[in-house]
Each structure stands twice: as C-alpha cells, then as structure tokens.
Amino acid sequence: MFAFLEAHPPAIVLFMLMAAFIMPAIAHFRRSLCAPFSCGFMAVGLAGSLYLASLAAEGRVIRYAAGGWPPPWGIEVVINPFSAFILVVITFICLLILFYSTASLQTEVAENAIGWYYTIFLLLVASMMGMAMTQDIFNMYVFIEVTGISACALVLAKNTRLATEAAFKYLLLATVGSGFVLFGIALLYLITGNLNITFVAEEFRLVYKNYPFLIWTVLSFFLVGFGIKSALFPLHLWLPDAHSSAPTASSAILSGLVVKAYIVALIKFYFLIFGFELLDAIYIRHLMLIMASSAMVFGSLFAFAQLDIKRRLAYSSVAQVGYVFLGIGLGSATGLAAGILHIFNHAVMKACLFMAAGAIYYQTGNKQVNKLQGLGYEMPITIGAFSVAALSMVGLPLFSGFISKWYLAQGSIEAGMPLFVGLLILSGLLNASYFLPIIWQAFFDVDQHKPKTFTLDLIPVPMAATLIILALTVVYFGLRPEFPLSLAQQAAKIFLP
Amino acid sequence: MDVIPKVIHNYPYFVSVVLFCIGIYTTLSQTSLMKKIIGINIIGNSIFLLFISSANIRGGMAPIAPQHGTLPPGAFYVNPLPAALVLTGIVVGLSVTAFALSIVVRMYEYYGTIESNEILEIRSWE
C-alpha cells in the first residue's frame, strides 16, 4: 500500500474524498457506525501522511503528473517537506477532532444530519490536503472553494439562529475573498500563459518588468483575498461569529486548521512565484508586517473584552494568525520556519482549548469566562488540559508555543528588525492577561467552605482522552521539537533559497 | 493619444473591471440578502469575462481539430484552456449560489425577513 502511495501521492486525497461520500451510506445502514468509520479513514490518512513525511524528511521530493500529462499541461502534485508537514498536521489534528466528536456530536447536531456532517468534515480535510499538495494555481482555486463551502457548512451544522447568520456572513465574505484570489489568478494567467507554479514563476521572471501596475494588483489581490479567508486583522470580521457559534468539533478544525490552509496557499503563491525580493521591493511585505503586528495586539485586546469562552478563543485565533503572518513577512529563514512551525503548534493548542471549552459546556452548561470558580477541582482533566494549552499560548518555556515564539524572535533579529521581539513579548503579556484569569479562577478562586478535593470529570471517555493526548502533545513538542522543527526548516529552505 | 484606441480595442477588460467593482459594491452595501447573492454572481461573472476575453482572438477558429488534413493557411485557433477554466468556475459559482440561497431560506424561517438591517433590529431587541 505504501509503495502505491509513493507512486501516486494524490491517492491520499482521493481516498479521503471517497471516504467522505461513503459516510451517508454508512449512516443509512447504521448511524452510530459513522463516527468510528470516519476515525478509521482518518487514521489511514494519517498513516499515509506520516509515510510521505518520512520520505520528505529524508530529502526526497516526489513529483507526480496527474493523468500522465507532464507539468506544463497537466496538474502537478508535489510532495516536499512543506506539503508533507502540512499533510501530517492536518491529518493528525483531524483524527483527534474526529475522535472527540464521537462523544460530543450528538449533543450539538441533529441526529439525521450526523452522516452528512462527517461527509462535509472529510470533504474539508480532503480539500485542505489537496491545497497543500497541488502545484497548479487553478486547481488551488478549486480546492479553496471546496474548503470555503464545506467550512461554512460545518458552521451551519448547528442549526441555530446565530450559527445560520454567522455561516451566511462567512460564506459571503469568503466568496468575496475567493473572487479576489481568482481575479489574481486570472491576471497571472494573462501575464504568463501558464498555470503550473514552476512555469508561471519562470515566465514571470522574464516579463514582470513590463507590467509594474499589474504586479501590484495581483499581489494586493492575493493579500486581500487570502487575508479575508485567513482572518488577517482588519479583515477578520466574520471569524468570531463563525467560530464561536459552530459546534465544538467544527470550531476546533476551523480555528486550528482552515484559516491556516489559506496561509499555506498564500505562502506557495508569494514565495514560489514572486519571490521574496519582489515582495520586499514593492512593500507588500511591509504591509503584511503592519497587518500582522496589529493583529497580534488588537486581536488580543478584543479577546480580553469577550466574556464568552469560545468568542475569547476565536479572537485569540485572530492574534495567532498574526504570528504566522509575521513569520512570513520577516523574510529570514528562521522566521519563516517559525511561522510554519507555529501553524502546527497553534493547531494543537487551539484545538485543545476549543475542545476543553466544549467539555466545560458539556458538563456545566456554562459559557461565561467569569463563572468558572473552583471548576479545577470538579474537572481536573479538562481544566488541566486547558491550562497547559493556555500557558503554551502565553509562551512559557517547556510548552510548544514557546518554541515557535523563540524562533520568531530569533528570526526577527536575523531580519534586522529587533522591534518585533518587543512586540512578541507584549503580545505574550496580552495573551497572559486573558488566559491567566481563567486558570486562576478555576484553581484558586474557591469557596472557602467547599472541600478542596479533586473529583474526576463527568465527560465521556473520548473527550477526556483527546484532551489528555493534546495536552501531552503540547508538552512533548515543547521539550523535543526536533521532528516538526527540522521539517519546518527544510520547508523554509524551499521558499527562501 | 493612442490610449483611447487601445481602450476601445480592449474594452472587455475594462467592462470586467467595472463589473468586478459593481459586484463588490453590491455585495457589501446592499441590505437585501438576495441582492448580496446577486453581487457574488456579478463578481464571478466579471472574472469569467476577463478569462474568456483573454482567450479570444478576433477572426480565430473554434479550437476543434479539422476532420481532413491540417489547418487552412492563415487560420488560427482561439485558446481553449480559459473556456475549460471558466466552465469549472461556473460550476463553483453555481454551487456557492445554491448553498447561499439555502441559507437565505433558513434565515427567512428564523427571522421572517431577508433584509439584513431588519434582522439586526430583531436581534437587538432580544
């Protein structure tokens, strides 16, 4: 099976797509089988991605021409350290989210919709994986649209007033965003006459001096389009509603992975086609840095003002997207590697936080951040996992969030912009200002008369197991970051030779 | 002043840019959800127009291989690739529209209106 995968890497995307459309049939047969089956399919996907990643870590690059048509005509799929890294991140996080959803979904989604929910979930996973692998700009657009529609459908699955409205807003803005992206792709095709990224880049080097204004248009359209879709700071308006009103499993995948998938596409476009020198020369990179740093500050400030746990986490995602964009904008190899690494670290942390919030709601029915007094004694597993992820968010050593912040700081010094080190510290303090009160309340703001004894959480086993695994992942990759870090560094080398 | 003949010669590009702006404006400024969806469609169609007009050559033939022998001398094909891309784009646009319309139906069930300012008002009472 692995030899087949090595010869035909897109088979992994095809497998997830087929798995997606088998789900309604399984639901028709027996509804309770949907969740275990989707977990099984996802585990196969994870095994395949890990195998591809192990190949990529050895330095092998697989180039596959779909349908036997060689690159300038056909669609090319490339497995290099970057795409393999993203594949592993997507499948790993999604496997855990699916495992969590086996217990949480029936409380949040109508019973007859569960089969379709898994269809949409797996469709979203398949399209994100395709986005990471493809080397064709129009193919990328198709995957972007599939991701957009299925992400909206995941928000809509909750079928409440708020979720419906948030989904409509999300769909509208996402479509405007993909309109900008498609316009940029059309202009690129007009200029270069190619659709394969490698060939577009070659042609682009020869002709770009003839079209100074068009280049500006293309680059800023990509920034606006992908910025809307990945909620870069002033364009983040849809995110808090959509991510806070969705079911817990959807929130985790939307906040952890979907916004990042668009950044992956943006990195490919910007660095493989245009190159960093051009981004620097026409100030797109400076614009990106300004937006990223305002995201880091204002995202955290907005998060501080929220009382709903999920809304607070959603605004914190806005801030964390800023970190990734900061890594891209710095333009030093270390900074870019840190940005790519943060895609993984933030996905783990944010999935853990959202799922802990979901577990708190499951047991206590409470959504407010100021009503958690003494909850640490009632739900030690949940609050423990929440605390680990939150401390990692703040950037304390021993946790994985520290690693990406450390390398981001190193990268900004390497790029000759030490100002951003101060910004990173400020943003870390702001993170602390809205996460630490929750932890403090849960463990130390306790009624004096109540006995201080730990009782185990009353949540289903899959929920607790997922939270423990994610918290351990955060700690493990905080202590031993070698594997993801080496992949991220190799990936950064592709983009900044 | 050779700008004006150039503009006139390349008018489809300008039409597509104007349509794109109209589409963005409609989507973001109209209060009716239906009109917002129409705006989305205008955005999509303006880009399809850009694609198609980039492929067209005046006097070019349809890109179908001649049945007997080769092309007559002096004849040339228009570029077939953008047509294929636009076809894909139309399918994507159709599915987005269908999905958006289904959400609007549900919004109407919840609020009894599809004007976004009235929906905001209803929400502010709650």
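If you're wondering where the values come from, they're calculated on a predicted model, not measured in any experiment.

1. A look at the overall build of chain A
Then comes step 1: Across its full length, chain A holds 21 helices and two strands.
Then comes step 2: Referenced to the eigenvectors of the C-alpha coordinate spread, the extents of chain A come out at roughly 75 × 60 × 45 Å.
Then comes step 3: Buried positions account for 66% of the 497 residues belonging to chain A.
Then comes step 4: Taken as a whole, chain A presents about 17,100 Å² of accessible surface, with 69% of it coming from carbon and sulfur.
Then comes step 5: Mean positive and mean negative side-chain charge positions of chain A (24 and 20 charges, respectively) differ by 5 Å.

2. Here's the deal with the overall build of chain B
Then comes step 1: Each helix and strand counted, chain B has five helices and zero strands in total.
Then comes step 2: In terms of C-alpha radius of gyration, chain B reaches 21 Å, well past the compact-globule figure of 14 Å for 126 residues.
Then comes step 3: Once the C-alpha set of chain B is aligned to its principal axes, its extents read approximately 75 × 45 × 10 Å.
Then comes step 4: Among the 126 residues that make up chain B, the fraction classed as buried is 31%.

3. A closer look at the packing of aromatic side chains
We describe a pair of aromatic rings using the distance from one ring centre to the other and the angle between the two ring planes.
Then comes step 1: Enumeration over the complete set of coordinates arrives at 34 aromatic pairs over all chains.
Then comes step 2: Pairing Phe 233 of chain A with Phe 298 of chain A gives two aromatic rings, centres 5.4 Å apart and planes at 15°, and the pair type is stacked. Taken together, the positions of Phe 233 of chain A in the loop between helix H9 (212–229) and helix H10 (239–245) and Phe 298 of chain A in helix H13 (residues 284–305) put the pair 65 residues apart, joining distant regions of the chain.
Then comes step 3: On the basis of an interplanar angle of 50° and a centroid distance of 6.1 Å, the ring pair of Phe 271 of chain A and Phe 495 of chain A is categorised as tilted. Here the residue Phe 271 of chain A occupies a position in helix H11 (residues 248–274), and Phe 495 of chain A occupies one in helix H21 (residues 482–495), the gap between them amounting to 224 residues. There is no split in this pair, since Phe 271 of chain A and Phe 495 of chain A are both buried.
Then comes step 4: We note Arg 161 of chain A situated over the ring of Tyr 111 of chain B; from NZ or CZ to the ring centre the distance is 4.5 Å.
Then comes step 5: Taking NZ or CZ as reference, Lys 367 of chain A lies 5.3 Å from the ring centre of Tyr 361 of chain A, over its face.

4. Considering the interface of chain A and chain B
Then comes step 1: Across the boundary between the two partners, chain A contributes 31 residues, which contact 37 residues of chain B.
Then comes step 2: Summing both partners gives a buried area of about 3,100 Å² for chain A against chain B, and 80% of it is carried by carbon and sulfur.
Then comes step 3: The largest share of the area that chain A buries against chain B comes from Arg 161, Phe 168 and Phe 183 of chain A, three residues that together contribute 23% of it.
Then comes step 4: Where chain A meets chain B, there are one salt bridge.
Then comes step 5: Its salt-bridge partner being Glu 165 of chain A, residue Arg 123 of chain B comes within 3.1 Å of it at the nearest N-O pair.
Then comes step 6: Scanning the region where chain A abuts chain B turns up six residue pairs in polar contact (both at pLDDT 80 or more).

5. A short note on the nonpolar core
Then comes step 1: The biggest cluster of nonpolar side chains holds 237 residues, and the ones touching the most others in it are Tyr 170, Phe 222, Ile 253, Tyr 270 and Phe 274 of chain A.
Then comes step 2: Once residues within four sequence positions are removed from consideration, Ile 253 of chain A is found in contact with Cys 94, Ile 97, Phe 121, Leu 124, Val 125, Met 128, Leu 154 and Val 258 of chain A.

6. So, unusual backbone geometry
Residue and element names in this part refer to chain A.
Then comes step 1: Despite not being glycine, Ala 231 has its phi angle at roughly 60°, a positive value.
Then comes step 2: Mapped onto the secondary structure, Ala 231 falls in the loop between H9 and H10.
Then comes step 3: Residue Ala 231 is classed as buried on the basis of its relative accessible area, which comes to 0%.

7. Digging into a nonpolar patch on the surface
All names here are of chain B.
Then comes step 1: Residues Val 3, Ile 4, Val 7, Ile 8 and Phe 14 make up a contiguous nonpolar surface patch of about 450 Å² in total accessible area.
Then comes step 2: Among the elements that take part in the nonpolar patch, helix H1 (residues 3–9) stands out by supplying four residues, more than any other.
Then comes step 3: Note on placement: Phe 14 falls in helix H2 (residues 11–29).
Then comes step 4: The partly exposed category is assigned to Phe 14, whose relative accessible area is 45%.

8. Topic: the state of the cysteines
All names here are of chain A.
Then comes step 1: Under the criterion given, the structure shown has zero disulfides over all chains.
Then comes step 2: Among the cysteines around Cys 152, which has no disulfide bond, Cys 94 carries the closest sulfur, lying 17 Å off.
Then comes step 3: Overall, the relative accessible area of 0% leaves Cys 152 in the buried class.
Then comes step 4: With no disulfide of its own, Cys 352 has Cys 94 as its nearest cysteine by sulfur position, at a separation of 16 Å.
Then comes step 5: Residue Cys 352 is classed as buried on the basis of its relative accessible area, which comes to 0%.

9. Quick word on the environment of Asp 136 of chain A
Residue and element names in this part refer to chain A.
Then comes step 1: Inspection of the secondary structure assignment puts Asp 136 in the loop between helix H5 (114–133) and helix H6 (137–156).
Then comes step 2: According to the relative accessible area criterion, Asp 136 is buried, its value standing at 7%.
Then comes step 3: Ignoring sequence-local partners within four residues, the contact set of Asp 136 consists of Gly 74, Ile 75, Glu 76, Leu 195 and Asn 196.
Then comes step 4: For Asp 136, the side chain forms a polar contact with the main-chain nitrogen of Phe 138, separated by 3.1 Å.

10. Looking at the pairing of strand S1 (residues 62–65) of chain A
Residue and element names in this part refer to chain A.
Then comes step 1: The side-chain alternation of S1 yields one buried face, formed by Ile 62 and Tyr 64, and one unburied face, formed by Arg 63 and Ala 65.
Then comes step 2: Alignment of S1 against strand S2 (residues 76–79), held across four bridges, turns out to be antiparallel. Bridge pairing in S2 links Arg 63 to Val 78.

11. Some points on the pattern of salt bridges
Residue and element names in this part refer to chain A.
Then comes step 1: The tally for this structure, following the rule as stated, stands at six salt bridges over all chains.
Then comes step 2: A salt bridge links Arg 63 to Glu 76; the shortest N-O distance between them is 3.0 Å. With Arg 63 in strand S1 and Glu 76 in strand S2, this residue pair connects regions lying 13 residues apart in the sequence.
Then comes step 3: Given a relative accessible area of 52%, Arg 63 falls into the exposed group.
Then comes step 4: Its salt-bridge partner being Lys 169, residue Asp 241 comes within 2.7 Å of it at the nearest N-O pair. Of this pair, Asp 241 sits in helix H10 while Lys 169 is found in helix H7 (residues 161–192), placing the two residues 72 residues apart along the sequence.

12. A few points about H21 of chain A
Residues and elements named next belong to chain A.
Then comes step 1: End to end, H21 covers 20 Å across 14 residues, agreeing with the expected 20 Å (1.5 Å per residue, within 8%).
Then comes step 2: Looking at H21, one finds that the buried residues are Pro 484, Leu 485, Leu 487, Ala 488, Ala 491, Ala 492 and Phe 495. Projected down its long axis, H21 carries its buried residues within an arc of 165°, all on one side.

13. A closer look at helix H17 (residues 380–394) of chain A
Residue and element names in this part refer to chain A.
Then comes step 1: Spanning 15 residues, H17 covers 20 Å between terminal C-alpha atoms, matching the ideal 21 Å at 1.5 Å per step.
Then comes step 2: Of all 15 residues in H17, eleven are buried, a share of seventy percent or more.
Then comes step 3: Among all positions of H17, only Thr 382, Ile 383, Ala 385, Phe 386, Ser 387, Val 388, Ala 389, Ala 390, Ser 392, Met 393 and Val 394 are buried.
Then comes step 4: Looking at the buried positions of H17, the neighbouring elements they touch are helix H14 (309–330), helix H15 (333–364), helix H16 (375–378), helix H18 (400–414), helix H19 (419–444) and helix H20 (461–479).
Then comes step 5: The positive-phi residue at the C-terminal boundary of H17 is Gly 395, with phi of around 100°.

14. Quick word on the environment of Ile 90 of chain B
Residues and elements named next belong to chain B.
Then comes step 1: Examined against the element boundaries, Ile 90 turns out to sit in helix H4 (residues 81–111).
Then comes step 2: Exposure remark for Ile 90: the relative accessible area of 44% places this residue in the partly exposed category.
Then comes step 3: Distance in space between the C-alpha atoms of Ile 90 and Ile 122 is 35 Å, their sequence separation being 32 residues.

What counts, and at which threshold
- Sequence order sets the numbering: in each chain, residues are counted from 1 along the sequence as written.
- Going through the entries in the order they are written, you letter the chains from A and number the ligands from 1.
- Only residues with pLDDT of 70 or above have their local features reported here, since the model is predicted, and side-chain atom pairs are shown and tallied only from 80 upward, although totals for entire chains, interfaces and linings are computed over all residues.
- Side-chain descriptors were evaluated using all non-hydrogen atoms of the structure, hydrogens and water having been removed beforehand.
- The helix count covers DSSP runs of H or I at least four residues long, the strand count covers runs of E at least two residues long, and both are numbered beginning at the N terminus.
- Partly exposed describes any residue whose relative accessible area lies between the buried limit of under 20% and the exposed limit of over 50%, with all areas from a 1.4 Å probe on protein chains only and scaled to the type maximum.
- In short, Shrake-Rupley with a 1.4 Å probe defines the accessible areas, and a residue's cover is counted only from the protein chains shown.
- His is not counted here, nor are the chain ends, while Lys and Arg score as positive and Asp and Glu score as negative.
- Where a charge lies is defined by one atom per residue type, namely NZ (Lys), CZ (Arg), CG (Asp) and CD (Glu).
- Our radius of gyration is a C-alpha quantity, and the globule rule it is checked against amounts to 2.2 Å times the number of residues to the power 0.38.
- Stacked, tilted and edge-to-face pairs are distinguished by plane angle, under 30 degrees for stacked and over 60 for edge-to-face with tilted covering the rest, among Phe, Tyr and Trp rings (Trp via its six-membered ring) whose centres lie within 6.5 Å.
- Geometrically, a charge over a ring is one whose NZ (Lys) or CZ (Arg) sits within 6 Å of the ring centre while staying within 35 degrees of the ring normal.
- By the convention used here, residues are in contact when the closest approach between their heavy atoms is within 4.5 Å.
- By buried area we mean the combined loss of accessible area, with a 1.4 Å probe, across both parts when two parts are placed together.
- We count a salt bridge whenever a side-chain nitrogen from Lys or Arg sits within 4 Å of a carboxyl oxygen from Asp or Glu.
- Pairs of N or O atoms within 3.5 Å make up the polar contacts considered here, provided that, within protein, one atom can donate a hydrogen while the other can accept it, and that residues adjacent in sequence are counted only when both atoms are side-chain atoms.
- In this description, a nonpolar core means a group of buried Ala, Val, Leu, Ile, Met, Phe, Trp, Tyr and Cys residues linked to one another through side-chain atoms lying within 4.5 Å.
- A patch is a set of surface residues, each over 30% in relative accessible area and not in a salt bridge, joined within 9 Å for like charges and within 5 Å for the nonpolar side chains Val, Leu, Ile, Met, Phe, Trp and Tyr.
- A pair of sulfur atoms, both from cysteines and within 2.5 Å, is called a disulfide here.
- Any two strands with at least two DSSP-identified bridges between them are counted as paired.
- In a helix, the anticipated span is given by 1.5 Å times the number of residues less one.
- Directions from the helix axis toward the C-beta atoms define the arc.

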